[in-house]
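Geometric and topological summary
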Amino acid sequence: MVNVTINGTPVQAGEDTTILEAAASAGIHIPTLCYLKGLNEIGACRVCLVEIEGIEKLVTACGNKVAEGMVISTNSPRVREARRTNVELILSQHDCYCASCARSGNCNLQSLSNDLGILDLPYRREMPVSEWNKSFPLIRDFSKCIKCMRCVQVCDKIQDMNIWDIANTGSRTTVDVSQNRKMEESDCTLCGQCITHCPVGALRERDDTDKAFAALADPDTITVVQIAPAVRAAWGESLGLPREQATAKRLVAALRKIGFRYIFDTTFSADLTIMEEGSEFLAKLRNRENETFPMFTSCCPGWVRFLKSQYPDMVRQLSTAKSPQQMFGAITKSYYAKLLDVEPERICSISVMPCLAKKQEAALPTMDTAGAGPDVDIVLTTREIDRMIRAEDIHPGELPEEEFDQPLGVGSGAGVIFGATGGVMEAALRSAYYLVTGKNPEPDAFGNVRGMDGWKEAAIDIAGTTVRVAVASGLGNARRLVEALRKGDVQYDFVEIMACPGGCSGGGGQPIAEGEERAGVRAETLYGLDNISALRFSHENPSIVQVYRDYLDKPLSHRAHELLHTAHDA
Ligand code: HC1
Ligand code: SF4
């Protein structure tokens, strides 16, 4: 332990502690902009400058450690002036049109410059202008980039994709796609982690809310919405709703108020995925000698994109089951169009997802199974649906909860936990156990694949057969796992991978909580919902039983193959 004084207060801190952490431990807040604990501690923005007695130069609090006897000031006149000047210099190269920025009201730079009372911009310079293909699901606005390097670090260190790099020099320095490529030529997985870690509005998703409003305004169009599992754990965050109020049913009420006609639950088709993928896995196990293991889950389109570009020879190990989003779209434009007795062309199928890669997945040419255009016409992120709610001046906290429509609005707790890392595996094992033994396991029997660890493994006994499973989230972890498989260091039968750390609950389309990782808290909400659900098994979902009885026949049937499976090689 070392003893220091911060702003006149004696503080004890461990030897390896940064000044920033030592101050925080004493309740003294030092503003930061580029800092991300453990990931970006490079002091690029120079906002966390502090003064140390006896040292002439101001130093960054994030990049310097405490030492015995240090006398530190975080708010001396020199510090205040330098901090202010540094923020003014950052603003000099930043497009400050806050009113038209996706991050307005949720921007670290905006609040910082407000807090510092910066009311003039003394150092304005020309904004860099660069071309960007705005039809790509991920958009960079160079004029808003503050070169904090967070996107570079997240993409390199967490996702191991190295898509971003520093470009140009001097005052023209910026961050751009590495190796002089266009974004659409890169291997970007569209995980969106660079967006959720950007402190300003330099990165965002393509906005598709105008398409949704256009569908709502067309009297001939029937809008059918599906809400993804992880959205229910996060949608209220950026609307200021407490967790208890931000329920799925209150989101249903808000969407109905916007004017969406039928509102369903992706947990229904998560259950359908379990039936198909679980049956596929069991069929592979029965034919073990002729199959390649492990089988990989295929519901995360960021992971599917990753595998296609990084390990194309392993794409055939993906389950052929489509993701719940796409199964839902295919069922909507076939079975549900029949139930409504309308032409599928009249249906606009809209999904609300915690994810950007889902926008690209929905646009794949193979995802037009019903022959009525894309099975999912519009994909909106959680952030976009929140924006639509705000645009309509709806205050969900004032609305009573409303039920999902039927029959595609019923999902089990097993479907709900799809939104957390390990959830797909756990849900699949619950039903696989039933399909093999004819009996339900304890609903929590496979809970050992829960938790936020990036790479988890378990050996599960199903009627005397040991099934080796693994679960990874975050693409850096996915790469380590795949490399270990290829080297023969590990052997698994079934592997779940989600591109985003923590799974969909930490998805790149979720509300942005500056500097905070919310995936774990959101996952707890999902496990809580599963725990209190009257329905814990996908195979017991009455709507699933109905859709097989009336339309699909049985898992892996001819029609199920046509609608619910794909080769993933588009
Ligand atoms: Fe996900 Fe999925 S869980 S991919 O993480 O399999 O996006 O929430 O909707 O499709 O169900 C996302 C979440 C989501 C699909 C399901
Ligand atoms: Fe990297 Fe993901 Fe951002 Fe693409 S979306 S640049 S893979 S962090």
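In the annotation of an unreviewed UniProt entry, the chain is listed under the name Hydrogenase, Fe-only and assigned to Ethanoligenens harbinense. In its Sequence similarities (unreviewed entry) section, UniProt records this for the chain: "Belongs to the complex I 75 kDa subunit family." For the chain, the Subcellular location (unreviewed entry) comment in UniProt is given as "Membrane".

A few words on the overall build of the chain. When you go through the chain residue by residue, the secondary structure sums to 18 helices and 17 strands. In terms of overall dimensions, the chain is globule-like: its C-alpha atoms have a radius of gyration of 25 Å, near the 25 Å expected for 570 residues. Its C-alpha atoms put the chain at 80 × 55 × 45 Å along the principal axes. Within the chain, buried positions represent 49% of all 570 residues. Sequence-distant contacts, at least 24 apart, represent 74% of the contacts inside the chain between residues at least 6 apart.

Residues in contact with ligand 2 amount to 14 residues; listed here are only the nearest, Cys155, Ile163, Cys188, Cys191 and Cys194. Contributing elements (two or more residues each) for the shell around ligand 2: helix 4 (150–158) and helix 5 (193–196). Considered class by class, the residues forming the shell around ligand 2 number 10 nonpolar, 4 polar and no charged.

Time to look at the domain arrangement of the chain. According to the domain assignment, the chain contains domain 1 (2–92), domain 2 (98–205) and domain 3 (207–570). The distance between the C-alpha centroids of domain 1 and domain 2 comes to 25 Å. Residue-level contacts link 18 residues of domain 1 with 21 residues of domain 2. Across the side of domain 1 that touches domain 2, the residue classes tally to 13 nonpolar, 2 polar and 3 charged.

Our focus in this paragraph is the packing of helix 8 (residues 266–286) against helix 14 (residues 423–437). Two elements in contact, helix 8 and helix 14, have axes whose closest approach is 9 Å; the angle formed by their N-to-C orientations is 60°. On the basis of their axis angle, the class for helix 8 and helix 14 is oblique. Helix 14 is crossed by helix 8, and the crossing has right-handed handedness. In this structure, helix 8 contributes Ile274, Met275, Glu277, Gly278, Ser279, Phe281 and Leu282 to the contact, and helix 14 contributes Ala427, Ala428, Ser431, Ala432, Leu435 and Val436. Broken down by class, the residue content of the contact of helix 8 with helix 14 amounts to 9 nonpolar, 3 polar and 1 charged.

Helix packing for two helices is described by the angle between their axes and how far apart those axes are. Two elements in contact, helix 8 and helix 10 (residues 324–340), have axes whose closest approach is 8 Å; the angle formed by their N-to-C orientations is 100°. One element, helix 8, and the other, helix 10, form an angle in the roughly perpendicular class. Facing Thr266, Ser269, Ala270, Leu272 and Thr273 of helix 8, the residues of helix 10 in contact are Pro324, Gln325, Met327, Phe328 and Ile331. Residues belonging to the contact of helix 8 with helix 10 are distributed by class as follows: 6 nonpolar, 4 polar and no charged.

Another point: the pairing of strand 14 (residues 378–381). The side chains of a regular strand alternate, first on one face of the sheet and then on the other. In strand 14, alternate side chains face the same way, and those of Ile378 and Leu380 on one face and Val379 and Thr381 on the other are all buried. Pairing geometry for strand 13 (residues 347–353) and strand 14, over 4 bridges, is parallel. In the sheet register, Met353 faces strand 14, and the bridge partner there is Thr381. Following the backbone out of strand 13, through helix 11 (residues 357–362) and into the adjacent parallel strand 14, one traces a crossover that is right-handed.

With that settled, the discussion passes to unusual backbone geometry. Trans is the common state for peptide bonds, and a negative phi is the common state for residues other than glycine. The linkage connecting Phe293 with the following residue, Pro294, adopts the cis geometry, with an omega of 0°. With respect to the helices, strands and loops of the structure, Pro294 is situated in the loop between helix 8 and strand 12 (295–296). Here Gln406 and Pro407 are connected by a cis peptide whose omega angle stands at 5°. As for its position among the elements, Pro407 is in the loop between helix 12 (382–391) and helix 13 (413–416). Phi at Asp341 takes a positive value of approximately 60°, unusual for a residue other than glycine. Looking at the element boundaries, Asp341 is found in the loop between helix 10 and strand 13. Here the phi dihedral of Leu556 falls at roughly 65°; this positive angle occurs in a residue that is not glycine. Looking at where Leu556 falls in the secondary structure, it is placed in the loop between helix 17 (542–552) and helix 18 (558–564). With 18 C-beta atoms packed within 10 Å, Leu556 lands in the partly exposed category.

All right, on to the site of ligand 1 then. Within the structure, ligand 1 sits among 20 residues, and Ala228, Ala230, Cys299, Pro324 and Cys504 are positioned closest to it. Counting residues per element, the ones that place at least two in the shell around ligand 1 are helix 8 and helix 10. Counted by class, the shell around ligand 1 contains 13 nonpolar, 6 polar and 1 charged residues.

By the burial criterion, the buried members of helix 3 (residues 108–115) are Asn108, Leu109, Gln110, Leu112 and Ser113. Looking at the packing, one finds that the buried side of helix 3 touches helix 2 (77–92). Trailing helix 3 by a residue or two, Gly117 shows a phi angle of about 70°, which is positive.

Moving on to helix 8. With 21 residues, helix 8 ought to run about 30 Å at 1.5 Å a step, and its terminal C-alpha atoms sit 30 Å apart, in line with that. For helix 8, the tally of buried residues reaches 15 of 21 residues, placing the bulk of the element in the interior.

Take the sheet that holds strand 11 (residues 262–265) next. Pairing in this open sheet of 4 strands is parallel, and the strands run 11-10-13-14 from one edge to the other. Of all the strands in the sheet, the pair left with one neighbour each is strand 11 and strand 14. Sheet twist, expressed as the average angle between the axes of neighbouring strands with direction ignored, equals 25°. Examined bridge by bridge, strand 10 (residues 222–227) and strand 13 share 6 bridges and lie parallel to one another. Opposite Ile227, over in strand 13, you have Val352 as the bridge partner. Along the sheet face, helix 6 (residues 209–217) touches strand 10, strand 13 and strand 14 and points at about 125° away from the line of strand 14.

Glancing now at the sheet that holds strand 1 (residues 2–6). Within a sheet, each strand pairs with its neighbour through backbone hydrogen bonds, oriented either parallel or antiparallel. The mixed open sheet is built from 5 strands, whose spatial order is 2-1-5-3-4. Only two strands of the sheet have a single partner each, and these edge strands are strand 2 (9–13) and strand 4 (59–60). Of the strands in this sheet, strand 3 (49–52) and strand 5 (71–73) touch helix 2, which is tilted by about 155° from strand 3.

UniProt's feature table lists "domain: 4Fe-4S His(Cys)3-ligated-type" (unreviewed entry) at residues 78–117, given in the numbering used throughout. The straight-line gap between the two end C-alpha atoms of residues 78–117 is 16 Å; of that span, 57% is helix and 0% is strand.

Reading the values: rules and limits
- Numbers given to residues run from 1 along each chain, matching the order in which its sequence is written.
- Throughout, the order in which chains and ligands are written sets their labels, letters from A for the former and numbers from 1 for the latter.
- pLDDT decides what is reported in this predicted model: residues at 70 or higher carry local features, side-chain atom pairs at 80 or more are listed and counted, and totals for whole chains, interfaces and linings draw on all residues regardless.
- UniProt positions are given in the numbering used here, feature names are shortened, and annotations may be inferred rather than shown by experiment.
- Going along the chain from the N terminus, every DSSP run of H or I of four or more residues is numbered as a helix, and every run of E of two or more is numbered as a strand.
- Only C-alpha atoms enter the radius of gyration; for comparison, a globular chain is expected to reach 2.2 Å times N to the power 0.38, where N is the number of residues.
- Counting other C-beta atoms within 10 Å of its own, a residue is labelled buried from 20 upward, exposed at 12 or fewer, and partly exposed in the gap between, with every C-beta atom placed from the backbone.
- Residue pairs qualify as contacts under a 7 Å threshold applied to their C-beta atoms, which are placed from the backbone.
- Each residue receives a C-beta atom placed from its backbone. It is near a molecule or strand if this atom lies within 6 Å of it.
- Residues are sorted three ways: Asp, Glu, Lys and Arg are charged, Ala, Val, Leu, Ile, Met, Phe, Trp, Tyr, Cys and Pro are nonpolar, and all the rest, Gly among them, are polar.
- Where each domain starts and ends follows an automatic or database-derived domain assignment.
- Axis lines are fitted through C-alpha atoms, for helices just across the contact stretch, and the angle between N-to-C directions can take any value from 0 to 180 degrees.
- Orientation categories follow fixed angle ranges, with anything under 35 degrees roughly parallel, anything over 145 roughly antiparallel, 65 to 115 roughly perpendicular, and all other angles oblique.
- In this scheme the crossing of two helices becomes right-handed for a clockwise turn of the near helix relative to the far one and left-handed for an anticlockwise turn of less than a right angle.
- Any two strands with at least two DSSP bridges between them are considered paired.
- Viewed with both strands pointing away, a crossover whose connecting path from the first strand over the helix to the second turns clockwise is right-handed.
- A helix is expected to span 1.5 Å for every residue after the first.

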